Amino acid sequence: MADTDLKLLYRELVSLEIELWDGIEGRLRAEYDLALTSFEVLHLLLRRPGRRIQDIAEEFSITVGGTSKVVDRLETAGLCGRRANPNDRRSSIVELTPEGRKLVEGALKVFEEELELRIGSVIPEESVREVTAVLSTLRAAGRALDAERKAGGRTPVPASRAPKQSGRSAS
């Protein structure tokens, strides 16, 4: 594949992510005084109640420390609370408060409207599914590569460019 094509794809993906994030966050801040990061955590707690800080961090591929800071801010604002985890004394369960539930349910409507305006009204539903599948494949491959690098303590050469070695598949 042409190096120029990969660089262009990279720039388009990164630019889209930034513009999409900024557009949605701008509207959430204007209508609900809510950062998109906070919305994402609240939305997760609405969809999947009873999450631990570790669960939230894993969901968003961010650090436990960063997640804890976001939850601290949401807790201070009265939007969520922590309770002891009955299965593990070292962790706590994060739950929405009634105020948090009300806020995220309203903000969810804005979020969905923005997704429709910025994506759904631009490309057909089938394309949304196809792009989603491609992005999921890329993310899975990236996570597998990162895990391989971490486990081996080395930087592997992509299979398509790696010299063939006896007994090892190049795929």
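For the structure, check the block above.
Residues numbered from 1 in each chain as written. Predicted model: local features only at pLDDT ≥ 70, side-chain atom pairs only at ≥ 80, totals over all residues. Heavy atoms only, no water.

Q: Would you mind going over the overall build of the chain with me for this structure?
A: The secondary structure content of the chain amounts to six helices and three strands. Taken over 171 residues, the chain has a buried fraction of 26%. Surface summary for the chain: the accessible area is close to 12,000 Å², and the carbon and sulfur share equals 54%. (Helix = DSSP H or I, 4+ residues; strand = E, 2+ residues; numbered from the N terminus. Buried < 20%, exposed > 50% of the residue type's maximum accessible area, 1.4 Å probe, protein only. Areas by Shrake-Rupley, 256 points an atom, 1.4 Å probe, with all protein chains shown as cover.)

Q: Help me understand the nonpolar core in this model?
A: Inside soluble globular proteins, nonpolar side chains tend to come together where they are buried. One finds Phe39 and Leu42 to be the most contacted residues of the largest nonpolar core, which totals 26 residues. Going through the elements one at a time, helix H1 (3–32), helix H2 (36–47), helix H3 (53–60), helix H4 (64–76), strand E3 (92–96) and helix H5 (98–120) are the ones with two or more residues in this core. Considering each element in turn, this core owes the most residues, seven residues, to H2. Once residues lying within four places of it in the same chain are set aside, the contact partners of phenylalanine 39 are Leu28, Leu34, Val104, Ala107, Leu108 and Phe111. (Core = buried A, V, L, I, M, F, W, Y, C linked by side-chain atoms within 4.5 Å. Contact = heavy atoms within 4.5 Å.)

Q: I keep staring at a nonpolar patch on the surface and nothing clicks. Help me out?
A: Together, Leu9, Leu13, Val131, Val134, Leu135 and Leu138 make up a nonpolar patch on the protein surface, roughly 480 Å² of accessible area in all. Among the secondary structure elements, those contributing two or more residues to the nonpolar patch are H1 and helix H6 (125–152). Sort the elements by how many residues they give to the nonpolar patch and H6 lands first, with four residues. Judged by relative accessible area, which is 44%, leucine 9 ranks as partly exposed. (Patch = residues over 30% accessible without salt bridge, like charges linked within 9 Å, V, L, I, M, F, W, Y side chains within 5 Å. Salt bridge = Lys/Arg side-chain N within 4 Å of Asp/Glu carboxyl O.)

Q: Would you take a moment to explain the pairing of E3 for this structure?
A: Along any regular strand the residues' side chains alternate between the sheet's two faces. Counting buried residues in E3 gives four out of five residues, a clear majority hidden from the surface. One ladder, built from two bridges, connects strand E1 (residues 51–52) with E3; its direction is antiparallel. From the neighbouring strand, arginine 52 faces E3, where its bridge partner is isoleucine 93. Taken together, the five bridges between strand E2 (residues 80–84) and E3 define a ladder with antiparallel strand orientation. (Pairing = 2+ DSSP bridges.)

Q: Could you clarify how one ought to interpret the side chain of serine 38 in this entry?
A: Note on placement: serine 38 falls in helix H2. Residue serine 38 is classed as buried on the basis of its relative accessible area of 12%. Excluding residues that lie within four positions of it along the chain, serine 38 makes contacts with Val70 and Leu74.

Q: Can you walk me through the packing of aromatic side chains in this structure?
A: Given two aromatic rings, their pairing is described by the distance between the two centres and the angle made by the two planes. Here the structure, examined in full by the defined rule, presents one aromatic pair. Seen from their ring centres, phenylalanine 39 and phenylalanine 111 are 4.8 Å apart, and the 35° between their planes marks the pair as tilted. Here phenylalanine 111 lies in helix H5 and phenylalanine 39 lies in helix H2, a separation of 72 residues in the sequence. The buried category is assigned to phenylalanine 111, whose relative accessible area is 13%. (Phe/Tyr/Trp six-rings, centres within 6.5 Å; stacked < 30°, edge-to-face > 60°.)

Q: Help me understand the environment of arginine 118, please; the structure alone is not making it clear to me.
A: On the secondary structure map, arginine 118 appears in helix H5. Separated by 94 residues in the primary sequence, arginine 118 and isoleucine 24 have C-alpha atoms spaced 9.1 Å apart. Within the local environment of arginine 118, its side chain forms a polar contact with the side chain of glutamate 114, the two groups lying 2.7 Å apart. (Polar contact = N/O pair within 3.5 Å; in protein donor to acceptor, adjacent residues only side chain to side chain.)

Q: Got a minute to help me understand unusual backbone geometry in this structure?
A: Excluding glycine, a negative phi dihedral is what most residues carry, and trans is how most peptide bonds are arranged. The phi angle at aspartate 33 is positive, at roughly 50°, despite the residue not being glycine. Among the secondary structure elements, aspartate 33 is positioned in the loop between H1 and H2. Unusually for a residue other than glycine, serine 61 sits at a positive phi of about 55°. By secondary structure assignment, the location of serine 61 is in the loop between H3 and H4.

Q: Help me understand the environment of aspartate 88, please; the structure alone is not making it clear to me.
A: The residue aspartate 88 is located in the loop between E2 and E3 in this model. Polar contacts involving the side chain of aspartate 88 include one to the main-chain amide nitrogen of arginine 90, which spans 3.0 Å.

Just geometry here; none of it tells us what the structure is for.
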